[in-house]
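Next come the chains, spelled out residue by residue.
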Protein chains: 2
Amino acid sequence: MTQNNALIYVVGIGPGDFDMITPQALEIMKSCDIIAGYEKYIELVKELVPGKILFYSGMGQELDRCQTCLLFAKEFGKSVALISSGDSGVYGMAGLMLETASGSGIEVKVIPGITAANSCAAILGAPLMNDYVNISLSDLMTEWEVIERRLKAACQGDFVVCIYNPASKKRPYNFKNACDILLKFKKPDTPAGFVRNIGRCEQKHAVMTLKEIRYCDDIDMFCTVIIGNSSSFILDGKIITSRGYKIEYKSEKKIPSAVH
Amino acid sequence: MTQNNALIYVVGIGPGDFDMITPQALEIMKSCDIIAGYEKYIELVKELVPGKILFYSGMGQELDRCQTCLLFAKEFGKSVALISSGDSGVYGMAGLMLETASGSGIEVKVIPGITAANSCAAILGAPLMNDYVNISLSDLMTEWEVIERRLKAACQGDFVVCIYNPASKKRPYNFKNACDILLKFKKPDTPAGFVRNIGRCEQKHAVMTLKEIRYCDDIDMFCTVIIGNSSSFILDGKIITSRGYKIEYKSEKKIPSAVH
C-alpha cells in the first residue's frame, strides 16, 4: 500500500456487544493494517480482527496514541483504525485525531457508532424521546464551574439529562454534587436510571427517582445515568418521556388498512 | 408461535445505509413475523427482509401504527419489528409503543440505532466532542415557547446544539427563527453545518458559520444541523469542538511502545 492510500479511520465500536458494531465499522477494521486504541477496547475487539497489528495505550495517553497513528500512516504508509467505545465523535478520539493529522496530508474519516446515551436509553425504556443534553461530569479537561453552569442550564430548559462519566475514584463526589444541583430545579421524584457496563456480560441497570439516585452508591465510572424532565414518568418499571401524543384507546379492534 | 412468545421490538435502523444497521437490529427484523413502520422506512429496508408481512402507514398515524402492532401481537400472536429511522428512542416510536402496550401483557423491547446527531457529526468532523443538546424544532407536539426556552438555555450552558426537524413546508421559518435566538448568544462566526439525506445516495453536506446558515436556503426537513459552542472551530473544512487537550507537537519521531 502506498503512502497516498494510507488513511486513518476513527471508528466507534458501540457499547461492547459485537452485534451492536455496525457492518461499516467492522469492515473498516478488517480492511486496515493496524487497529489502535485504549487497551481495554483493543482487548474487546481483537478476536474480530485476527492477524492485525494491534497498538494500544493507556488512559491519559490519547494524544500520544493519535500521534503514533499518524506516524503509522504517514511514515510507514499503513492504514489505521483508531477505535473508541460508543461513538468516536462523542467524548471519543475523533476530534483529537483530526487535529493531530491536520496539515499532514493524511485524510481522517470518522465512523459513527451507538453512543452510551442511546444504548442506555434503550435499556431504561424511552427516556430520550424529547429534547435532551449529554453532559460529562469528568472535570479533568472541563472546569467544574462550566459543568455546574451546564447542569443548571439543562434544568432551565427542562431537558432530559444524560450523564457520561458520572464518577470515578479520583472524583467520587461529582455525581452527588451534580444531583444536588439538579434537585434545586427538578422534582425529587423525577424519574432517573442508570446502566453499568452497557453491552457487556456484567450489565446491570436500575430505575428509580432523582432523589434516590442521589443516594445510590452504585454509580461509578462504568455507569451512564439518565435523569428525566417534567414530561418523564415511570411505567412498568421503564422511564418514558412523553412527546405529547394524545393516547385515546379505542375499544373496538381495528382492521389494518395497509398490510401486504 | 404462541401468544406468550409474541413480542414487539422497536428497532432503530440508523440513518439509511444498510451498512449502518447493527447486526442486532437486522437479526431481530429477520426473526419477526411482521415489519411495521412509516411507509418510507419500510420501502428502505424491505429488500433486507424478503417474505415478511409488511405493515406501513403515513406520517401522523403513529398512534394508529402502535395500536395495530399491539393487535398483531396480542390477538394474532405475531412478533413485530416496528422500525424507526435513526434511533427508535430519539424522536422515534419507542415511547409511544411502550405506552400503548402497557397493561396488555405484551413485552416491548427497544433496540437502539445510530441517531442523526451522530451520523451527521461524523460527516461534519467532530462537533459533538463535548457536551451537547439535541433539540427538535417541530412545534407539532411541543409549543414554540418551550423550544425557544430550550434554545436559550442551550446557549446559556454553552452547549453545542444539534437540531432535528429544522424546517418543513408547514413551518418554513422555524429554523431561521431558531438561528436568530442562537445569534443573540453565540458569535456569528460560530461553526455550523448541516447534512441532508444522511446515509442515502443523495447525501449532501456543508460547513459554514452560524450567520451564514441563518441565511442558507438549503435547510429543510431532510436536514440535521449542528451549531458549535465557544470551543468549536473549523479545520480543513471540518468542525471540531475541542475537549481541551493541550496539543504539543513533538519534533522527534517516537517509537511506539506497545505494538503487537
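In this report, we go over the structure that sits alongside the text. Please read these numbers as outputs of a predicted model, since none were measured by experiment. The written sequence of each chain sets the order in which its residues are numbered from 1. Chain letters and ligand numbers both follow the written order, the letters beginning at A and the numbers at 1. Where local features are concerned, this predicted model is filtered to residues with pLDDT of at least 70; where side-chain atom pairs are given and counted, the filter is 80 or more; whole-chain, interface and lining totals use all residues. Side-chain numbers here rest on the full set of heavy atoms in the structure, without hydrogens or water.

**Remarks on the overall build of chain A**
No. 1: Secondary structure is summarised from DSSP: a helix means a run of H or I of at least four residues, a strand means a run of E of at least two, and numbering begins at the N terminus for each. When you go through chain A residue by residue, the secondary structure sums to eight helices and 13 strands.
No. 2: Its C-alpha atoms put chain A at 65 × 55 × 35 Å along the principal axes.
No. 3: The rule is simple: take the accessible area with a 1.4 Å probe, protein chains only, and divide by the maximum for that residue type; under 20% is buried, over 50% is exposed, in between is partly exposed. Looking at the 260 residues of chain A, the share that counts as buried comes to 61%.
No. 4: In what follows, a contact means two residues having at least one pair of non-hydrogen atoms within 4.5 Å. Intrachain contacts of chain A at a sequence separation of at least 6 include 68% that bridge at least 24 residues.
No. 5: Per element, the accessible surface of chain A, about 10700 Å² overall, is 50% carbon and sulfur.
No. 6: Side-chain charges in chain A split into 29 positive and 29 negative, and the spacing between the mean points of these groups amounts to 3 Å. Per-residue and other accessible areas were derived by the Shrake-Rupley procedure at a 1.4 Å probe size, with only the shown protein chains allowed to occlude residues. Positive residues here are Lys and Arg, negative ones are Asp and Glu, while His and the chain termini are left out of the count. By convention, the point assigned to a charge is CZ for Arg, NZ for Lys, CD for Glu and CG for Asp.

**Details of the packing of helix 6 (residues 144–156) of chain B against helix 7 (residues 174–185) of chain B**
All names here are of chain B.
No. 1: Relative to each other, helix 6 and helix 7 sit at 35 degrees, their axes nearing to 9 Å. Considering only the axes of helix 6 and helix 7, their crossing is right-handed. Where helix 6 approaches helix 7, its residues Trp144, Glu148, Leu151, Lys152, Cys155 and Gln156 are matched on the opposing element by Asn174, Asn177, Ala178, Ile181, Leu182 and Phe185. Axis definition: a line fit to C-alpha positions, over the contact stretch in the case of helices; interaxial angles, taken between N-to-C directions, run 0 to 180 degrees. Crossing chirality is assigned from the near helix's rotation relative to the far helix, an anticlockwise turn below a right angle marking it left-handed and a clockwise turn marking it right-handed.

**A short note on the relation of the copies chain B and chain A**
Each of the two chain copies can be generated from the other by rotation about an axis followed by a shift along it.
No. 1: After a rotation of 180 degrees and a shift along the axis of 0.0 Å, chain B superposes on chain A with an RMSD of 0.0 Å. What the rotation and shift describe, once combined, is the action of a two-fold rotation axis. C-alpha atoms of residues with pLDDT of at least 70 in both copies form the basis for the least-squares superposition of the copies.

**Considerations on the nonpolar core**
No. 1: The criterion is simple. A nonpolar core is a set of buried Ala, Val, Leu, Ile, Met, Phe, Trp, Tyr and Cys residues joined through side-chain atoms within 4.5 Å. Within the largest apolar cluster, 57 residues are counted, with the highest numbers of intra-cluster contacts made by Ile213(A) and Ile213(B).
No. 2: Not counting residues within four places of it along the chain, the set of residues in contact with Ile213(A) comprises Phe175(A), Cys179(A), Ala192(A), Gly193(A), Phe194(A), Met208(A), Ile219(A), Val225(A) and Ile227(A).
No. 3: Among the nonpolar cores identified, the runner-up in size contains 33 residues, and Val195(A), Ile226(A), Tyr91(B) and Ala117(B) belong to it.

**Quick word on the interface of chain B and chain A**
No. 1: Tallying the contact residues gives 85 residues for chain B and 86 residues for chain A.
No. 2: A buried area of about 7700 Å², summed over both sides, lies between chain B and chain A, and 58% of it is on carbon and sulfur atoms.
No. 3: When a carboxyl oxygen of Asp or Glu is within 4 Å of a side-chain nitrogen of Lys or Arg, the pair counts as a salt bridge. Joining chain B to chain A, the criterion identifies four salt bridges.
No. 4: N or O atoms within 3.5 Å of each other form a polar contact, as long as, within protein, one can give a hydrogen and the other can take it, and as long as residues adjacent in sequence are counted only when both atoms are side-chain atoms. Counting the contacts that link chain B with chain A gives 26 residue pairs in polar contact (both at pLDDT 80 or more).
No. 5: The element best represented in the side of chain B that touches chain A is helix 3 (residues 62–76) of chain B, accounting for eight residues.
No. 6: Residues of the side of chain B that touches chain A, tallied by class, amount to 41 nonpolar, 25 polar and 19 charged. In short, buried area is how much 1.4 Å probe accessible area vanishes from two parts on joining, totalled over both. Residues were grouped as follows: Ala, Val, Leu, Ile, Met, Phe, Trp, Tyr, Cys and Pro as nonpolar; Asp, Glu, Lys and Arg as charged; and all remaining residues, including Gly, as polar.

**Focus: the sheet that holds strand 10 (residues 204–209) of chain B**
No. 1: Here a strand pair is declared whenever DSSP counts at least two bridges between the two strands. Strand order across the open sheet formed by ten strands is 10(A)-9(A)-11(A)-8(A)-7(A)-7(B)-8(B)-11(B)-9(B)-10(B), with mixed pairing between neighbours. The sheet terminates laterally at strand 10 (204–209) of chain A together with strand 10 of chain B, the two strands that pair on one side only. Geometrically, the sheet is characterised by an average inter-axis angle of 15 degrees between neighbouring strands, direction not taken into account.
No. 2: Both strand 7 (residues 132–136) of chain A and strand 8 (residues 160–164) of chain A contribute to a ladder of five bridges, which runs parallel. Residue Asn134(A) lies in a different strand from strand 8 of chain A, and its bridge partner there is Cys162(A).

**Points about helix 3 of chain B**
Residues and elements named next belong to chain B.
No. 1: To estimate how far a helix should reach, multiply one less than its number of residues by 1.5 Å. For helix 3, built from 15 residues, the straight-helix expectation of 21 Å at 1.5 Å per residue is met to within 8% by its first-to-last C-alpha distance of 20 Å.
No. 2: Taking burial as the measure, the 15 residues of helix 3 include twelve buried ones, the bulk of the element.
No. 3: Turning to helix 3, its buried residues are Glu62, Leu63, Asp64, Arg65, Cys66, Gln67, Thr68, Cys69, Leu70, Leu71, Phe72 and Ala73.
No. 4: Check the buried side of helix 3 and you find it contacts strand 1 (7–12), strand 2 (34–38), strand 3 (53–57), strand 4 (80–84) and helix 4 (94–101).

**Regarding the environment of Ile34(A)**
All names here are of chain A.
No. 1: Looking at the secondary structure, you find isoleucine 34 in strand 2 (residues 34–38).
No. 2: The class of isoleucine 34 is buried, set by a relative accessible area of 2%.
No. 3: As a C-alpha pair, isoleucine 34 and lysine 78 span 44 residues in sequence and 7.2 Å in three-dimensional space.
No. 4: When residues no more than four places from it in sequence are discounted, the contact partners of isoleucine 34 are Ile53, Phe55, Phe72, Lys78, Ser79, Val80 and Ala81.

**Quick word on unusual backbone geometry**
No. 1: Residue Asp236(A) is not a glycine yet carries a positive backbone phi of 50 degrees.
No. 2: Topologically, Asp236(A) is positioned in the loop between strand 12 (232–235) and strand 13 (238–241).
No. 3: Asp236(A) sits in the exposed class, given a relative accessible area of 59%.
No. 4: Of note in this structure, Asn165(B) is not a glycine but carries a positive phi near 45 degrees.
No. 5: Along the chain, Asn165(B) falls in the loop between strand 8 (160–164) and helix 7.
No. 6: We classify Asn165(B) as partly exposed; its relative accessible area is 27%.

**A few points about the side chain of Ser138(A)**
All names here are of chain A.
No. 1: Within the fold, serine 138 resides in the loop between strand 7 and helix 6 (144–156).
No. 2: Take serine 138: its relative accessible area is 11%, and that puts it in the buried class.
No. 3: Within the local environment of serine 138, its side chain forms a polar contact with the backbone nitrogen of leucine 140, the two atoms lying 3.5 Å apart.
No. 4: Once residues lying within four places of it in the same chain are set aside, the contact partners of serine 138 are Ile147, Asn165 and Arg171.

**Brief notes about the pattern of salt bridges**
No. 1: The final tally for this structure, using the stated rule, is 14 salt bridges over all chains.
No. 2: Put simply, Arg214(B) and Asp180(B) hold a salt bridge, and the shortest N to O gap is 2.6 Å. Taken together, the positions of Arg214(B) in helix 8 (residues 210–214) and Asp180(B) in helix 7 put the pair 34 residues apart, joining distant regions of the chain.
No. 3: For Arg214(B), a relative accessible area of 14% puts it in the buried group.
No. 4: We classify Asp180(B) as partly exposed; its relative accessible area is 32%.
No. 5: Linked by salt bridges that have partners in common, Asp131(A), Asp158(A) and Arg150(B) make up one network.

**Quick word on the pairing of strand 11 (residues 223–227) of chain B**
Residue and element names in this part refer to chain B.
No. 1: By the criterion of burial, strand 11 is predominantly enclosed, with five of the five residues buried.
No. 2: The alternating pattern of strand 11 places Cys223, Val225 and Ile227 and Thr224 and Ile226 on opposite faces, both of which are buried.
No. 3: Across three bridges, the pairing between strand 8 and strand 11 is antiparallel. Counted as the bridge partner of cysteine 162 is isoleucine 226 from strand 11.
No. 4: Of the strand pairs in this sheet, strand 9 (residues 191–196) and strand 11 are connected by five bridges, and their pairing is antiparallel. Along strand 11, the bridge assignment pairs arginine 196 with cysteine 223.

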